[in-house]
Amino acid sequence: MLRSCARGPQDALRCALPTTVPAVCDRLRECAARIPEAREVLAILEKCTKQQCKGEFPIVVFEGLDATGKTTVTQAVKDALDAVLLRSPPACISQWRTIFDDEPTPIRRAFYAAGNYILASEIAKASTQAPVIVDRYWHSTAAYTIATEINGNVQNLPPVQDGVYQWPEDLLKPDLVLLLTVSPEERARRLEHRGLEKTKEEAEMDANSLFRQRIEESYRRMMDPACQEVDANPSKEEVLKTVLQLIKKHCAL
């Protein structure tokens, strides 16, 4: 049974977002008796967090809402740079994603936070061999948690520079984070074209524009590293050109 730790909106937010490996492990242990998959995630996490030293090659993370072009762009960048492409949650735990998506927020976010720390070990290893492109990482976990726990418009979000926007001290940092953004109309068009079943959060974004705005604004407030926004409305060729220019500018390639 999960311990109660929330009294107000800000307390609920910090309860829902574990920001250290010990905090993530504690959350998974609390629900392991009821959710066997939590024990599996915990076992993998405990094996993967001992070494997170970055290699000599750059690490570039792509963030953004669904249908902003992350899959297309990350694959194109991987090919252009002869890079390694990794995704969060990592393949070793992604088969349990639907199980945790049906759980309360503290458990769901513990799963995604664990995925970030497990992914960090994969990133560290890959960055010794080639550039690493990452489709979602910590900023997604944080942005979606903040937007879920805080209601109303963006003025209700924690203020700029609040610690909730800070990168965890014990998580491997990327060299560059690019935030892909598209207009609500273009995003709706792409979602319809994909024809895939929507997740609960996608459905809420469609029904609640304030939720979408809170996610996007949370992304923009992330710190150390901050997100660099990229307009992904143009053609995929134009977006790729912009992205490669930013990577060349900010990374040692």
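Keep in mind it's a predicted model, so treat the numbers as computed, not measured.

## Here's the deal with the overall build of the protein
- When helices and strands are counted, the protein shows twelve helices and five strands.
- Looking at the protein residue by residue over its 253 residues, the buried ones come to 51%.
- For the protein, contacts bridging at least 24 residues in sequence account for 80% of all contacts bridging at least 6.
- Taken as a whole, the protein presents about 12,200 Å² of accessible surface, with 51% of it coming from carbon and sulfur.

## Topic: the packing of aromatic side chains
- Applying the stated criterion across every chain yields a total of three aromatic pairs.
- Geometrically, the ring pair formed by F100 and F111 is stacked, given 4.5 Å between the ring centres and 10 degrees between the ring planes. Within this pair, whereas F100 is found in helix α6 (residues 97–101), its partner F111 is found in helix α7 (residues 105–126), the two being separated by eleven residues in sequence. The same class applies to F100 and to F111, which are both buried.
- With a centroid separation of 5.2 Å and 80 degrees between ring planes, the pair formed by F111 and Y112 is classed as edge-to-face.
- The class for F111 is buried, based on a relative accessible area of 0%.
- Assessed through its relative accessible area of 11%, Y112 is described here as buried.

The rules behind these values
Residues numbered from 1 in each chain as written. Predicted model: local features only at pLDDT ≥ 70, side-chain atom pairs only at ≥ 80, totals over all residues. Heavy atoms only, no water. Helix = DSSP H or I, 4+ residues; strand = E, 2+ residues; numbered from the N terminus. Buried < 20%, exposed > 50% of the residue type's maximum accessible area, 1.4 Å probe, protein only. Contact = heavy atoms within 4.5 Å. Areas by Shrake-Rupley, 256 points an atom, 1.4 Å probe, with all protein chains shown as cover. Phe/Tyr/Trp six-rings, centres within 6.5 Å; stacked < 30°, edge-to-face > 60°.

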